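Listed here are the chains, written in short residue letters.
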Amino acid sequence: MSLKTLATSPLSGITVLVLLVALLLRFSIKFDTAQRLFSAEELALFNGTDERLPIFLGILGSVFDVTKGKSHYGSGGGYNHFAGRDASRAFVSGNFTGDGLTDSLRGLSSTEVKSVVEWRGFYFKTYKYVGKLVGRYYDSQGNPTKYLKGVEAKAARGAQLLEKQKIEEAKQPSCNSRWSQDEGGEVWCDVGYPRLVQRPVEIALTGKMSKRCACFEDSQLGQTGLELYEGCDYHANRCKA
């Protein structure tokens, strides 16, 4: 059949329409797959127990296909507890049982929340993103919730605080340190004397107080907040820790 005949044939319009519908359906299927919305019950089906199904996991409401890591995420694998659910908290808590396998980050510090967000980034880079989990982080329309926006803001704040702490600590050199099972720990300064000092923004970062070892010159030793290592002489440049 010539092109001219095809163009004037009454069947040509139907043929073109069928082709257009097929292309649209193909596009829409791809779009729906990329933007699929899961309920918790649906996501649970992809936990690695059914060999016919891929393995999915969620983190901060984003769902990823981790089938290529089946040896880890499949049934009996070391990371199988992440499969078929959003266990965001466990990525930093290390609690892989019971209530630990939850998507709630309530009570975590800004640095811990930052770590969870970084884990999500790892999955975006390493595995195929397949959709969103409706619930804490995404609503029924697939839009981010206030909770997700709050988590991302807290993570950004954690990154800012870490950078601030890095800048502040760079002003005062850290001690050298080493540890061995036979001799225990030791800190020393090439210039100056070792002292324990409160980390400047640690409470805001972790909710806890911690100290680091820094080297201070003789003229600085009268500052408040400097703690001498127990059993160490005032002007010793090496101390047991």
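Reference entry: report on the structure contained in this document. Computed from a predicted structure; not experimentally measured.

Definitions and limits used
- Residues numbered from 1 in each chain as written.
- Predicted model: local features only at pLDDT ≥ 70, side-chain atom pairs only at ≥ 80, totals over all residues.
- Heavy atoms only, no water.
- Helix = DSSP H or I, 4+ residues; strand = E, 2+ residues; numbered from the N terminus.
- Buried < 20%, exposed > 50% of the residue type's maximum accessible area, 1.4 Å probe, protein only.
- Contact = heavy atoms within 4.5 Å.
- Areas by Shrake-Rupley, 256 points an atom, 1.4 Å probe, with all protein chains shown as cover.
- Expected span 1.5 Å × (residues − 1).
- Pairing = 2+ DSSP bridges.
- Axes fitted to C-alpha atoms, helices over the stretch in contact; angles between N-to-C directions.
- Core = buried A, V, L, I, M, F, W, Y, C linked by side-chain atoms within 4.5 Å.
- Disulfide = S-S within 2.5 Å.

### So, the overall build of the chain
Item 1. Broken down by element type, the chain carries eight helices and nine strands.
Item 2. Here the chain holds 241 residues, and 37% of them are scored as buried.
Item 3. Within the chain, contacts between residues at least 6 apart in sequence are counted, and of these 60% link residues at least 24 apart.
Item 4. Of the roughly 15,000 Å² of accessible surface on the chain, a fraction of 56% belongs to carbon and sulfur atoms.

### Quick look at helix α6 (residues 110–126)
Item 1. Helix length check: α6 (17 residues) gives 24 Å between terminal C-alpha atoms against 24 Å at 1.5 Å per residue, within 8%.
Item 2. When α6 is considered as a whole, its buried residues turn out to be Ser110, Thr111, Val113, Lys114, Val116, Val117, Arg120 and Tyr123.

### Observations regarding the sheet that holds strand β6 (residues 184–188)
Item 1. With respect to topology, three strands assemble into an open sheet ordered β5-β6-β9, the strand pairing being antiparallel. Looking along the sheet, the strands with just one partner apiece sit at the ends: β5 (176–180) and β9 (238–240). Averaged over neighbouring strand pairs, the angle between their axes works out to 20° when direction is ignored.
Item 2. The sheet contact formed by β5 and β6 spans five bridges and is antiparallel. Looking at the pairing, Ser177 lines up with Val187 of β6.

### Remarks on the nonpolar core
Item 1. If you look at the biggest cluster of nonpolar residues, it comprises 25 residues, and the most contacted ones within it are Ile59, Leu60, Val66, Leu105 and Tyr123.
Item 2. Apart from the residues within four sequence positions on either side, Leu105 is in contact with Leu60, Ser88, Arg89, Val113, Val116, Tyr137, Tyr147 and Val151.
Item 3. Judged by nonpolar contacts, the second largest core, of 10 residues, contains Leu196, Tyr229, Cys232 and Cys239.

### Quick notes on the state of the cysteines
Item 1. For the coordinates displayed, the defined rule picks out three disulfides.
Item 2. Across the disulfide, Cys175 is cross-linked to Cys213 (sulfur-sulfur distance 1.9 Å). Where Cys175 bonds to Cys213 through sulfur, the torsion about that S-S bond is close to -75°, and the disulfide is left-handed. Here Cys175 is found in the loop between α7 (146–170) and β5, whereas its partner Cys213 is found in strand β8 (residues 211–216), with 38 residues between them in sequence.
Item 3. Overall, Cys175 belongs to the buried group, its relative accessible area being 13%.
Item 4. Given the relative accessible area of 13%, Cys213 is considered buried.
Item 5. Between the sulfur atoms of Cys232 and its disulfide partner Cys239 the distance amounts to 1.9 Å. On the sign convention where negative means left-handed, the S-S torsion of about -65° between Cys232 and Cys239 marks this disulfide as left-handed.
Item 6. Overall, Cys239 belongs to the buried group, its relative accessible area being 3%.
Item 7. Cysteine pairing in the chain follows 1-3, 2-4, 5-6, where each cysteine in a disulfide is numbered by its order in the sequence.

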